[in-house]
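As a plain string of letters, each chain reads:
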Amino acid sequence: MKSRQWLMAALCAIIPVRWAAAHHSTAMFEWGTEKTLSGTIEKYQWTQPHTFIWIVVPDTSGGTREWGLEGMSPSWLGRRGWGLHSLNPGDKVRLVYYPLKDGRPGGFYVRVITPDGKTLEALPTRN
Amino acid sequence: MGRASLNLGCLMMLCAAALSACGANNASPAAAESSSSSASAPPSKPASPYLALATLPDWGGVWDVTFGPPQPGAAPPGQPKLTPAYQKQWDQYQALNKKQKGLNFVSEVASCIPPGLPQSMTEPYPIEFLFTPGRVTILIETYGVTRRIYTDGSTLPESPDPSFQGTSVGHWEGDTLVVETAGILPETSPLNGINGHSDKLHITERIALVNPDTLQITTTRTDPGVFLEPYTTTTDYKRHRDWKIMEYVCEQNNHDSLDSTGNAAFSLKHTPGG
């Protein structure tokens, strides 16, 4: 991860070009590397241009840590079975995400397994 | 334009004839007798230009880009032939793209600056067409963009003020809408991998149904500052009659941005939205 981060930094230093993208950048995530988290939903933001999950996750020292996970927009998710109340504060969920490259507690959520065992997919299958 | 104008003319004539017939019927002997001061037929209502819209193809519903292979018969895009400076950009982009598994990279859109034409037409959220007399309007969900295409016979101005979506005029060739656009802001991207262009960028779009629920847009970019020859791509859109365009306010809860070095930044600060 570090070497890739260095590579990107080096390339950006050499090439001060801001690349065109189809939509918001995914460059800050380890896109395609699936990681899993289990915790309690603190807040679900059904907002544009991205939905956002705030989740409290037990850490290894017996405490908890808050994670923030960006997701697709309500317009995209809403057409595929998600809604404003798909996740609610207090829900205990497991989720799959692509982590931030810089190691902070955040990423992009890929799918969520809700308390009733239902899996909600949150990305196009082409990804 | 030819066909639409012809149809408009026919409809107006038919309508005028129908209204005139109606007027004659209304001027019944009883009515004429009861009002000596208004012996003539009531003034007929002018034919509505909206009647002509009935002859246009059905592009109802909303349209979502399909990222699959093009329809049979559609040629895959070749490599663009570029001027040296843009070729260098393109090569650097391809090299990065290979390393990053084909993913997108940092750009101004991370900071909620919308893409310009033609990139605005291939976002991962749907678009919608509205037909009104003398105009086709395209509503693009992503960034809430509106494109106004004047089909009233207007020609492109000599030097339109630059804007993200440019200035567009269009005409109908049968069931194909042909759109010409100029005046696109030079800092926008004409193609993934190319950043910026000259003030001569001209976009031609040919838009038509290729089957009942697939709309195809063939987009040709002409800009002597960037392309050594016009570069054409083809995009298919799938119809969703039951979808509705939703609101998209990029600034509502955007955690993505560009930092001062041009790298992607991501904020983990709480925001009040949602």
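Residues numbered from 1 in each chain as written. Chains lettered and ligands numbered in written order. Predicted model: local features only at pLDDT ≥ 70, side-chain atom pairs only at ≥ 80, totals over all residues.

Caption draft 1: Just the overall build of chain B, in detail. Within chain B one finds 3 helices and 11 strands. A total of 274 residues make up chain B; the buried ones form 31% of that total. Within chain B, contacts between residues at least 6 apart in sequence are counted, and of these 55% link residues at least 24 apart. (Helix = DSSP H or I, 4+ residues; strand = E, 2+ residues; numbered from the N terminus. Buried ≥ 20, exposed ≤ 12 C-beta atoms within 10 Å, placed from the backbone. Contact = placed C-beta atoms within 7 Å.)

Caption draft 2: The overall build of chain A, seen in detail. A tally of regular secondary structure across chain A gives 2 helices and 6 strands. Reading chain A from its N end, one meets helices and strands in the order α-β-β-β-α-β-β-β. A burial count over chain A gives 42% of its 127 residues as buried. Sequence separation of at least 24 residues holds for 49% of the intrachain contacts in chain A that already meet a minimum separation of 6.

Caption draft 3: Fine view of the pairing of strand E3 (residues 64–71) of chain A. Residues and elements named next belong to chain A. The pairing of strand E2 (residues 51–58) with E3 spans 8 bridges and is classified as antiparallel. The partner of tryptophan 54 across the bridge, within E3, is glycine 68. Once E2 ends, the chain turns through 5 residues before running back antiparallel as E3, passing glycine 62 with a positive phi of about 90°. Alignment of E3 against strand E5 (residues 106–113), held across 3 bridges, turns out to be parallel. Across the sheet, residue glutamate 70 finds its bridge partner in E5, namely phenylalanine 108. (Pairing = 2+ DSSP bridges.)

Caption draft 4: Helix H3 (residues 84–99) of chain B, seen in detail. Residue and element names in this part refer to chain B. Across its 16 residues, H3 extends 23 Å between first and last C-alpha, which sits within 8% of the 22 Å expected from 1.5 Å per residue. Among all positions in H3, only Tyr86, Tyr93 and Leu96 are buried. The buried residues of H3 occupy an angular sector of 85° when the element is viewed end-on, so they sit on one face. Those residues of H3 that are exposed and aimed more than 90 degrees away from the buried face are Pro84, Asp91, Gln94, Ala95 and Lys98. (Expected span 1.5 Å × (residues − 1). Arc of directions from axis to C-beta.)

Caption draft 5: Examining the domain arrangement of chain B more closely. Residues and elements named next belong to chain B. According to the domain assignment, chain B consists of domain 1 (2–55) and domain 2 (62–264). Taken together, the 6 residues of domain 1 in the interface contact 4 residues of domain 2. Here the residues of the side of domain 1 that touches domain 2 are counted per class, giving 5 nonpolar, no polar and 1 charged. (Domains from an automatic or database assignment. Nonpolar A, V, L, I, M, F, W, Y, C, P; charged D, E, K, R; others polar.)

Caption draft 6: Broad picture of the pairing of strand E7 (residues 202–211) of chain B. Residue and element names in this part refer to chain B. Across 5 bridges, strand E6 (residues 176–182) lies against E7 in antiparallel orientation. Across the sheet, residue valine 178 finds its bridge partner in E7, namely arginine 206. Pairing of E7 with strand E8 (residues 214–222) involves 9 bridges; the strand directions are antiparallel. Within E8, the position partnered with isoleucine 207 by the bridge is isoleucine 217. Counted along the chain from E7 to the antiparallel partner E8, the turn is 2 residues long.

Caption draft 7: Spatial organisation of the environment of glutamine 48 of chain A. Counting through the fold element by element, glutamine 48 of chain A comes out in the loop between strand E1 (35–45) and E2. Look past the residues within four positions of glutamine 48 of chain A in its chain and what remains in contact with it is Ser73 and Pro74 of chain A together with Glu247, Tyr248, Val249, Cys250, Gln252 and Asn253 of chain B.

Caption draft 8: Quick look at the confidence of the model for chain B. This prediction gives chain B a mean pLDDT of 82; 77% of its residues lie at or above 70. Below a pLDDT of 50 lies the segment residues 1–37 of chain B, which in the model reaches 32 contacts outside its immediate sequence neighbourhood of four places, other chains included. (pLDDT = per-residue confidence, 0-100.)

Caption draft 9: Layout of the environment of threonine 132 of chain B. Topologically, threonine 132 of chain B is positioned in strand E2 (residues 127–132). Considering only alpha carbons, one finds threonine 132 of chain B and threonine 151 of chain B, 19 residues apart in sequence, at a separation of 9.5 Å.

Caption draft 10: Inspection of the nonpolar core at higher detail. Core analysis: the biggest nonpolar cluster contains 29 residues, and Ile53, Leu69, Tyr97 and Tyr109 of chain A have the highest contact counts within it. Of all the elements, E5 of chain A adds the most residues to this core, at 4 residues. Residue contacts for tyrosine 97 of chain A: discarding those within four places in its chain leaves Lys35, Leu37, Leu69, Gly107, Phe108, Tyr109 and Val110 of chain A. Counting residues in hydrophobic clusters, the runner-up holds 27 residues, among them Met121, Tyr143, Ile149 and Val169 of chain B. (Core = buried A, V, L, I, M, F, W, Y, C linked by C-beta atoms within 7 Å.)

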